[in-house]
Amino acid sequence: MSENQERKKRSLSLIQPTSIPTLGNYLGAMKGWPSFQEDFDTVFGIADLHSITVRQEPAKLRQQTMQLYAMLMAVGLDPEKGILFIQSHVPQHSQLAWLLNCYTQFGELNRMTQFKDKSAQHSDNVNAGLFTYPCLMAADILLYQADVVPVGADQKQHLEITRDIAERFNGIYGNVFTVPEPYIPKAGARVMSLQNPVSKMSKSDPNPKGTVYLTDEPNIIMKKFKSAVTDSEMSVRYADGKDGINNLMTIYSAVTGDSIETIERDFAGKGYGDFKKAVGEAVVAELEPVQKRYIELLNDKAYLTECYTNGADIASRIAQRTLSKAMKKIGFVLK
């Protein structure tokens, strides 16, 4: 890594391997990640340890971990330009999480809204891991001395507790951890469900026609767009009360780069059928190289293994430096 790269701020993002990403995930965030690698010293990881707070089917977890790793590379993340690893391959995450458990107050964890939400969703399995999840997340961030963490609204509270834990530890032992700042990435397109355009496109949409997955075949993508909910006006223009058409225009604009005004002009006098077809075709064209690369990577197990092994080796070296420093400060005898 060059001096120039070392001067960049380090960012960290971990993604759970719970499902194939959607078009919403792609246009909202993932499409911008390759350029993010140019601006930051990036650490991207598959958060497989986090995923087991909910019971996972073992074969499916293995498959989805590999699929997500391949997909991150397929959308343009380059393991030569930044760290790309699988969390469970770096045992220092679990080790530092235990230390941080002992520097985190019960009351702090009890106030976490995500714990309350997940406990309600999975009332038959309210486990200790779900409760101490923020300590593992804090370990993920602090191990790499991350300067910034891209966060959505749902993760803000977890970053706040990470900062609190880091400041508490530093207050006792000196400057051990970098206190991370939240980073709000440049907003990508906010993509809504094709069947319920007042709700965000989601993996958990009860209507499968509402969500486009990055692995959907072209004919499936076209069918989903052709059945997208619109309105009775039949005019391709962006306006209040036209949620379905507004969503399709947002998607088309994000994929083609055309402004809303250009889209309105180009489709003046044309029906919704023509426009839906155009949006579907634009999305198919956008995803074609991603899907092609994804299949190539999944079929090259040796290369994928090499990439995630190298990623884990680099991550482990950085993580061990931080872990050793923290353990020494606490008073452990290091070997």
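Residues numbered from 1 in each chain as written. Predicted model: local features only at pLDDT ≥ 70, side-chain atom pairs only at ≥ 80, totals over all residues. Heavy atoms only, no water.

## Some remarks on the side chain of Thr42
Alright, step 1. If you trace the backbone, Thr42 turns up in strand 2 (residues 41-46).
Alright, step 2. When residues no more than four places from it in sequence are discounted, the contact partners of Thr42 are Ser11, Phe36, Gln37, Gly82 and Ile83. (Helix = DSSP H or I, 4+ residues; strand = E, 2+ residues; numbered from the N terminus. Contact = heavy atoms within 4.5 Å.)

## So, the pattern of salt bridges
Alright, step 1. Here the structure, examined in full by the defined rule, presents 12 salt bridges.
Alright, step 2. Lys277 serves as the salt-bridge partner of Glu281, at 3.0 Å between the closest nitrogen and oxygen. Here Glu281 pairs with Lys277, and both are found in helix 14 (residues 272-298), just 4 residues apart, close to one helical turn.
Alright, step 3. Salt bridges here are not isolated pairs; linked through shared partners, they connect Asp231, Glu233, Arg237 and Lys242. (Salt bridge = Lys/Arg side-chain N within 4 Å of Asp/Glu carboxyl O.)

## Regarding unusual backbone geometry
Alright, step 1. Notably, Gln145 is not glycine yet its phi reads approximately 50 degrees, a positive angle.
Alright, step 2. Note on placement: Gln145 falls in the loop between helix 9 (128-143) and strand 4 (148-150).
Alright, step 3. Phi at Met234 takes a positive value of approximately 65 degrees, unusual for a residue other than glycine.
Alright, step 4. Counting through the fold element by element, Met234 comes out in the loop between helix 11 (218-226) and helix 12 (243-256).

## Digging into the packing of aromatic side chains
Any aromatic ring pair is given by two values, namely how distant the centres are and how the planes are angled relative to each other.
Alright, step 1. As enumerated under the stated definition, the model contains 14 aromatic pairs in all.
Alright, step 2. Judged by centre distance (5.9 Å) and plane angle (70 degrees), the ring pair of Tyr103 and Tyr173 falls under edge-to-face. Here Tyr103, found in the loop between helix 6 (92-101) and helix 7 (106-110), pairs with Tyr173, found in helix 10 (residues 156-173); they are 70 residues apart in sequence, far enough to count as distant.
Alright, step 3. Exposure remark for Tyr103: the relative accessible area of 14% places this residue in the buried category.
Alright, step 4. For the ring pair Phe169 and Tyr173, a centre distance of 4.8 Å and an interplane angle of 50 degrees mean the geometry is tilted. (Phe/Tyr/Trp six-rings, centres within 6.5 Å; stacked < 30°, edge-to-face > 60°. Buried < 20%, exposed > 50% of the residue type's maximum accessible area, 1.4 Å probe, protein only.)

## Some thoughts on helix 12
Counting along an α-helix, one turn takes 3.6 residues, and residues three or four places apart therefore face a common direction.
Alright, step 1. Helix length check: helix 12, at 14 residues, gives a terminal C-alpha distance of 20 Å against a target of 20 Å (1.5 Å per residue), a fit within 8%.
Alright, step 2. Burial analysis of helix 12 places 10 of its 14 residues in the buried class, the great majority of the element.
Alright, step 3. Buried residues of helix 12: Gly244, Ile245, Asn246, Asn247, Leu248, Met249, Thr250, Ile251, Tyr252 and Val255, and no others.
Alright, step 4. On its buried face, helix 12 sits against helix 2 (23-28), helix 11, helix 13 (260-266) and helix 14.
Alright, step 5. Immediately downstream of helix 12, the backbone of Gly257 shows phi near 85 degrees, a positive value. (Expected span 1.5 Å × (residues − 1).)

## A closer look at the environment of Gly171
Alright, step 1. Secondary-structure assignment places Gly171 in helix 10.
Alright, step 2. You can call Gly171 exposed: its relative accessible area is 66%.
Alright, step 3. Taking the C-alpha atoms as reference points, Gly171 and Ser253, 82 residues apart in sequence, are found 49 Å from one another.

## As for the nonpolar core
Alright, step 1. By size, the foremost hydrophobic cluster in this structure holds 57 residues, and its most contacted members are Leu23, Tyr26, Tyr69, Phe225, Ile251, Phe275 and Val283.
Alright, step 2. Tallying contributions element by element places helix 14 first for this core, with 12 residues.
Alright, step 3. The contacts of Tyr26, once residues within four sequence positions are left out, are Lys31, Val75, Leu214, Glu286, Leu287 and Val290.
Alright, step 4. With 41 residues, the next largest nonpolar core counts Cys135, Leu136, Tyr144 and Ala326 among its residues. (Core = buried A, V, L, I, M, F, W, Y, C linked by side-chain atoms within 4.5 Å.)

## Topic: helix 10
Alright, step 1. With 18 residues, helix 10 ought to run about 26 Å at 1.5 Å a step, and its terminal C-alpha atoms sit 26 Å apart, in line with that.
Alright, step 2. Downstream of helix 10 by one or two residues, Gly174 has phi in the positive range, about 95 degrees.

## Focus: the confidence of the model for the protein chain
Alright, step 1. Predicted confidence across the protein chain gives a mean pLDDT of 92, with 97% of residues reaching 70 or more.
Alright, step 2. Across residues 1-5 the pLDDT falls below 50, and counting only partners more than four positions away or on other chains, this stretch makes 4 contacts in the model. (pLDDT = per-residue confidence, 0-100.)

## Observations concerning the state of the cysteines
Alright, step 1. Per the stated rule, a full pass over the model turns up 0 disulfides.
Alright, step 2. Not engaged in a disulfide, the cysteine Cys102 finds its nearest cysteine sulfur in Cys135; these two sulfurs lie 8.8 Å apart.
Alright, step 3. Look at Cys135 and you get buried, because its relative accessible area is 0%. (Disulfide = S-S within 2.5 Å.)

## Concerning the packing of helix 5 (residues 58-74) against helix 15 (residues 301-330)
Alright, step 1. The geometry of helix 5 relative to helix 15 is characterised by a closest axis approach of 11 Å and an angle of 85 degrees between their N-to-C directions. Judged on the interaxial angle alone, helix 15 and helix 5 are roughly perpendicular. Listed contacts from helix 15 to Met66, Tyr69, Ala70 and Met73 of helix 5 are Lys301, Tyr303, Leu304, Cys307 and Tyr308.
Alright, step 2. Across the contact of helix 5 with helix 15, the residue classes tally to 8 nonpolar, no polar and 1 charged. (Axes fitted to C-alpha atoms, helices over the stretch in contact; angles between N-to-C directions. Parallel < 35°, antiparallel > 145°, perpendicular 65-115°, else oblique. Nonpolar A, V, L, I, M, F, W, Y, C, P; charged D, E, K, R; others polar.)

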